[in-house]
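Structural overview for review
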Amino acid sequence: MDNSFFVDSAHLSKEALEKKHRLENDPSFRKNHMEYLEGMEVLQSDICQKVMAQMKSYDYAKYTAKDVKAVLEHETCSIEDFKALLSPAAEPFLEQMAQRARLETSKHFGNTVYIFTPLYIANYCENYCVYCGFNCYNDINRMKLSEQQIEHEMKVIADSGMEEILILTGESRAKSDVKYIGEACKLARKYFRMVGLEIYPVNTDEYKYLHECGADYVTVFQETYDSDRYEQLHLFGHKRVWPYRFDAQERAILGGMRGVAFSALLGLADFRKDALATAMHVYYLQRKYPHVEMSLSCPRLRPIKNNDTINPLEVHEKQLCQIICAYRIFLPYVGITVSSRESARFRNGIVKIAATKISAGVSTGIGDHESKYTGKEADAPEGDEQFEIDDGRSLGTMYKDIEGEGLQPVLNDYLYV
Amino acid sequence: MNNDDKLILGGHEFDSRFILGSGKYSLRLIEAAVQHAGAQIITLAVRRANTKEQESILDHIPQGVTLLPNTSGARTAQEAVRIARLARELGCGDFVKIEIMKDSKYLLPDNAETVKATEILSKEGFVVMPYMYPDLYTARDLVNAGAAAVMPLASPIGSNKGLATKDFIQILIDEIDLPIIVDAGIGRPSQACEAMEMGAAAVMANTALATAGDLPVMAKAFRQAIEAGRSAYLAGLGRVITRGASASDPLTGFLRD
């Protein structure tokens, strides 16, 4: 059973619809997803090969309850141990895994939980990724904020007390070029202590430029590490090039970024293999670049505008919790972010176990912070959202709720040096 | 305890030999460290002090407590120097603990960069307390660079594994004429006591308290352990037989005057 991703819009021309249908139904009509497009930097790196070797050889059905019990007795967690923790055999041991994960979290992070917020500055996109609300065939209100509008949004967010911001765009170089994103970073440094980016992957020199503009953390979701499955979901556009995306974090590191974040979008493919590959991506890059801060996200598929049936299939909350606990036990030093895609109930629980970073005051739409934060009627058009969020808590409420759980909310732990 | 037994750092005198580390911070932890562990020095991560009004740790430091800003987040000597200068501008005083780490997994200190930063900052009048991996040559370099103390790690930071580097810390205590402050990895009061018995000048801890079930009680336990260890050191530890038996008749009893 798979999601039904394809939705036709009445607004598309006959030609556009025809092309869309051919992309969906005729694999030979689609570009080779393993081939770089012009202008894409090719990195000579052994990381991808190592990660893929681990993923391909991972047979999670072979692990037993005995293996899992033994792992939980080990003082450290090897790659083999991690594979057992991600396996179905570990599901009955979720409580023990959570206990162990909490211990590791407290050793490395104490009881602190970092709070940040995303800011979408544009939702134009040149790609057809079938599960995403921003995809170029989806009929949504498109928008790109001007510099003045970006600054206004940032002021509204900074006034709420937020100190860390994550700037996002749709993946369109034409509409949101590197210069435009760089200007947004410069503005962000005026209002925030820490600026992160979640944009389309770029080349090393462009990461270097964005770093000079004030960005210091780069998040790129691989969506799925299964390149064959990736091909079926990313039908058109530069995002279709799987290996270029894979090396994005390494290029960001070479561009001077202080930290990088990773994720698979759970529900797109075999989630156990994707979770394994995500963690191995972190593991091997950390060994190669030990000075870099690394973090993991664990988003699950969500409904989008014009398709409210999209869901994460067999990745239920229990499976998500298992993945997060396994991540924490295997990589105790990495940050783990849990997004507002998840419910307030789940996020309140998971910060007590393993998550170290959560978003608050979230909008995945464009230019709507003032109306959302103040309730003030919007006097300008707003762009539609990338996906539906679940946890809509404001910074103030989130801060109080974290304290209420006996944890310590932290708005900044960062210094530009 | 002998009232004249002071910890002297850069000309400043302290009665307490417990220093609260940074990292896992909360108001309750600071209160417990000061009231129950008797801490007179509290480490402060400048990157956490560099925040807006809601939660600045600076607001929670009680009067009379000496701040020890650290340079966590620095990956090179140059970055550490910049953070130290920023700390001084923020009003944190002249003490600085140098932490330079180029490893996000184990957070082990980079000794070579640490020596460089120590030299620059001591010339600028800072009371420099470098966190280091216990290596005799580095410790000597730190002395020459103008450090006010040397702070070897006991085991990886936050690990609560105790004195994994015991033998090497003992060498520093024996050979270096500066206070040796055992930093990082001390997980239990008994380990703090052992470090003090060895002749450490002070012990720094954070995680051991922060992750304890009852913070004030654990804070008190640390104070008692550190005082006990210090007293034992000052008293001179009794003979410890490590191998075989000791002959009751002296081996040289046959010798004549």
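Everything quoted here is computed from the prediction, not taken from an experiment.

Procedures and definitions
- Residues numbered from 1 in each chain as written.
- Chains lettered and ligands numbered in written order.
- Predicted model: local features only at pLDDT ≥ 70, side-chain atom pairs only at ≥ 80, totals over all residues.
- Heavy atoms only, no water.
- Helix = DSSP H or I, 4+ residues; strand = E, 2+ residues; numbered from the N terminus.
- Buried < 20%, exposed > 50% of the residue type's maximum accessible area, 1.4 Å probe, protein only.
- Contact = heavy atoms within 4.5 Å.
- Areas by Shrake-Rupley, 256 points an atom, 1.4 Å probe, with all protein chains shown as cover.
- Rg over C-alpha atoms; globule rule 2.2 N^0.38 Å.
- Core = buried A, V, L, I, M, F, W, Y, C linked by side-chain atoms within 4.5 Å.
- Patch = residues over 30% accessible without salt bridge, like charges linked within 9 Å, V, L, I, M, F, W, Y side chains within 5 Å.
- Salt bridge = Lys/Arg side-chain N within 4 Å of Asp/Glu carboxyl O.
- Arc of directions from axis to C-beta.
- Pairing = 2+ DSSP bridges.
- Right-handed = clockwise from strand over helix to strand, strands pointing away.
- Disulfide = S-S within 2.5 Å.
- Polar contact = N/O pair within 3.5 Å; in protein donor to acceptor, adjacent residues only side chain to side chain.
- pLDDT = per-residue confidence, 0-100.
- Phe/Tyr/Trp six-rings, centres within 6.5 Å; stacked < 30°, edge-to-face > 60°.
- Lys NZ or Arg CZ within 6 Å of the ring centre and 35° of its normal.
- Expected span 1.5 Å × (residues − 1).
- Axes fitted to C-alpha atoms, helices over the stretch in contact; angles between N-to-C directions.
- Parallel < 35°, antiparallel > 145°, perpendicular 65-115°, else oblique.
- Left-handed = near helix turned anticlockwise from the far one by under 90°.
- Nonpolar A, V, L, I, M, F, W, Y, C, P; charged D, E, K, R; others polar.

**A look at the overall build of chain B**
- When its secondary structure is counted, chain B shows nine helices and ten strands.
- Residues classed as buried in chain B amount to 54% of the 257 residues present.
- Of the contacts formed within chain B by residues at least 6 apart in sequence, a portion of 63% connects residues at least 24 apart.
- Accessible surface for chain B amounts to roughly 11,800 Å². Of this, 48% is attributable to carbon and sulfur atoms.

**Here's the deal with the overall build of chain A**
- Secondary structure summary: chain A contains 16 helices and eleven strands in total.
- Here chain A has a C-alpha radius of gyration of 21 Å; the compact-globule value for 417 residues is 22 Å, and the two agree.
- Projected onto its principal axes, the C-alpha coordinates of chain A cover approximately 60 × 50 × 40 Å.
- When the 417 residues of chain A are sorted by exposure, 63% land in the buried category.
- Once local pairs closer than 6 in sequence are excluded, the contacts in chain A between residues at least 24 apart make up 76%.
- Entry remark: accessible area of chain A is about 15,900 Å², with carbon and sulfur atoms responsible for 50%.

**Regarding the nonpolar core**
- Residues Y131, M154 and I167 of chain A are the most contacted members of the largest nonpolar core, which totals 138 residues.
- Ranked by the residues each element gives to this core, the list is headed by helix α12 (residues 271–288) of chain A, at ten residues.
- Apart from the residues lying within four places of it in its own chain, the contact partners of Y131 of chain A are F5, E223, L233, H234, K239, L265, L268, L301, I304 and I310 of chain A.
- Core analysis: the second largest hydrophobic core is formed by 60 residues, F18, A32, V81 and I226 of chain B among them.

**Here's the deal with a nonpolar patch on the surface**
All names here are of chain B.
- Taken together, Y106, L108 and Y133 make up a surface patch of nonpolar side chains, about 280 Å² in accessible area.
- Along the polypeptide, Y106 turns up in the loop between β6 (95–98) and α4 (111–123).
- Relative accessible area serves as the criterion here: at 44%, Y106 is assigned to the partly exposed category.

**Some remarks on helix α16 (residues 395–404) of chain A**
Residue and element names in this part refer to chain A.
- For α16, every residue scored as buried is listed here: L395, M398, Y399 and I402. For α16, the angular spread of buried residues about the axis comes to 100 degrees, placing them on one side. Opposite the buried face of α16, by more than 90 degrees, sit the exposed residues K400 and G404.
- Tucked inside the fold, the buried residues of α16 contact β1 (112–122), α14 (344–350), β10 (357–359) and β11 (408–410).
- G406 occupies a position one or two residues after α16 and carries a positive phi of about 80 degrees.

**Side note on the pairing of strand β7 (residues 259–264) of chain A**
Residue and element names in this part refer to chain A.
- The buried count for β7 comes to six of six residues, which makes it a mostly enclosed element.
- Of the two faces of β7, the one lined by G259, A261 and S263 and the one lined by V260, F262 and A264 are each fully buried.
- In terms of strand pairing, strand β5 (residues 217–223) meets β7 through six bridges, oriented parallel. Across the sheet, the residue bridging to V218 is V260, located in β7.
- Both β7 and strand β8 (residues 293–297) contribute to a ladder of four bridges, which runs parallel. Within β8, the residue paired with G259 across the bridge is E293.
- With α12 bridging β7 and its parallel neighbour β8, the resulting β-α-β unit is right-handed.

**A word on the state of the cysteines**
- The full count for this structure, using the stated rule, is zero disulfides over all chains.
- Cysteine C325 of chain A shares no disulfide, and the gap to the nearest cysteine sulfur, in C321 of chain A, comes to 4.0 Å.

**Re the interface of chain B and chain A**
- The interface is formed by 27 residues belonging to chain B together with 31 residues belonging to chain A.
- In this structure, the connection of chain B to chain A is made through one salt bridge.
- Among the ionic pairs, E75 of chain A bridges to K161 of chain B, the shortest N-O distance being 3.2 Å.
- Inspection of the region where chain B meets chain A yields five residue pairs in polar contact (both at pLDDT 80 or more).
- Among the secondary structure elements, those contributing two or more residues to the side of chain B that touches chain A are α2 (46–49) and α3 (77–89) of chain B.

**Considering the confidence of the model for chain B**
- Across chain B, pLDDT averages 86, with 87% of residues at or above 70.
- On the interface metric, ipTM, the complex scores 0.76, and its pTM is 0.88.

**Quick look at the pattern of salt bridges**
- On inspection of all chains with the given rule, the structure shows 45 salt bridges over all chains.
- Among the ionic pairs, K20 of chain A bridges to E24 of chain A, the shortest N-O distance being 2.7 Å. You can see K20 of chain A and its partner E24 of chain A sitting in helix α1 (residues 14–25), four residues apart, about one turn around the helix.
- Residue E24 of chain A is classed as buried on the basis of its relative accessible area of 11%.
- Here K97 of chain B makes a salt bridge to D183 of chain B, at a shortest N to O gap of 2.7 Å. Within this pair, whereas K97 of chain B is found in strand β6, its partner D183 of chain B is found in strand β9 (residues 181–183), the two being separated by 86 residues in sequence.

**Let's talk about the packing of aromatic side chains**
- Counting across every chain of the model gives 14 aromatic pairs over all chains.
- Taking 4.4 Å as the distance between ring centres and 10 degrees as the angle between the ring planes, the aromatic pair formed by F82 of chain A and F330 of chain A counts as stacked. You can see F82 of chain A sitting in helix α4 (residues 79–85) and its partner F330 of chain A sitting in helix α13 (residues 317–330), a full 248 residues away along the chain. As far as the burial class goes, F82 of chain A and F330 of chain A line up, both buried.
- Pairing F14 of chain B with F95 of chain B gives two aromatic rings, centres 6.1 Å apart and planes at 80 degrees, and the pair type is edge-to-face. In this pair, F14 of chain B sits in strand β2 (residues 12–14) while F95 of chain B sits in strand β6, placing the two residues 81 residues apart along the sequence. Here F14 of chain B and F95 of chain B have matching classes, each one buried.
- An aromatic cluster of at least three residues, connected via ring pairs, comprises F82, Y283, Y284, Y327 and F330 of chain A.
- When the ring centre of Y244 of chain A is taken as origin, the NZ or CZ atom of R251 of chain A, which lies over that ring, is 3.7 Å away.
- One residue, K97 of chain B, lies across the ring of Y131 of chain B, its end atom 4.9 Å from the ring centre.

**Comments concerning helix α7 (residues 178–191) of chain A**
Residues and elements named next belong to chain A.
- With 14 residues, α7 extends 20 Å from end C-alpha to end C-alpha; this agrees with the ideal 20 Å at 1.5 Å per step.
- Where burial is concerned, most of α7 is hidden: ten out of the 14 residues are buried.
- Those residues of α7 that fall on the buried side of the exposure criterion are V178, Y180, I181, G182, E183, A184, C185, L187, A188 and Y191.
- Packed against the buried residues of α7 are β1, α6 (147–159), β3 (164–169), β4 (194–198) and α8 (204–212).

**Focus on the packing of helix α5 (residues 94–109) of chain A against α13 of chain A**
Residues and elements named next belong to chain A.
- Between α5 and α13, the least distance of the axes is 8 Å, while the angle of their chain directions is 45 degrees. In this view, α5 runs oblique relative to α13, as classed from their interaxial angle. Considering how the two elements wind past one another, α5 and α13 form a crossing that is left-handed. Between α5 and α13, the contacting residues are L94, M97, A98, R100, A101, E104, T105 and F109 on the first element and K318, C321, Q322, C325, A326, R328 and I329 on the second.
- When the residues that make up the contact of α5 with α13 are grouped by side-chain class, the tally is nine nonpolar, two polar and four charged.

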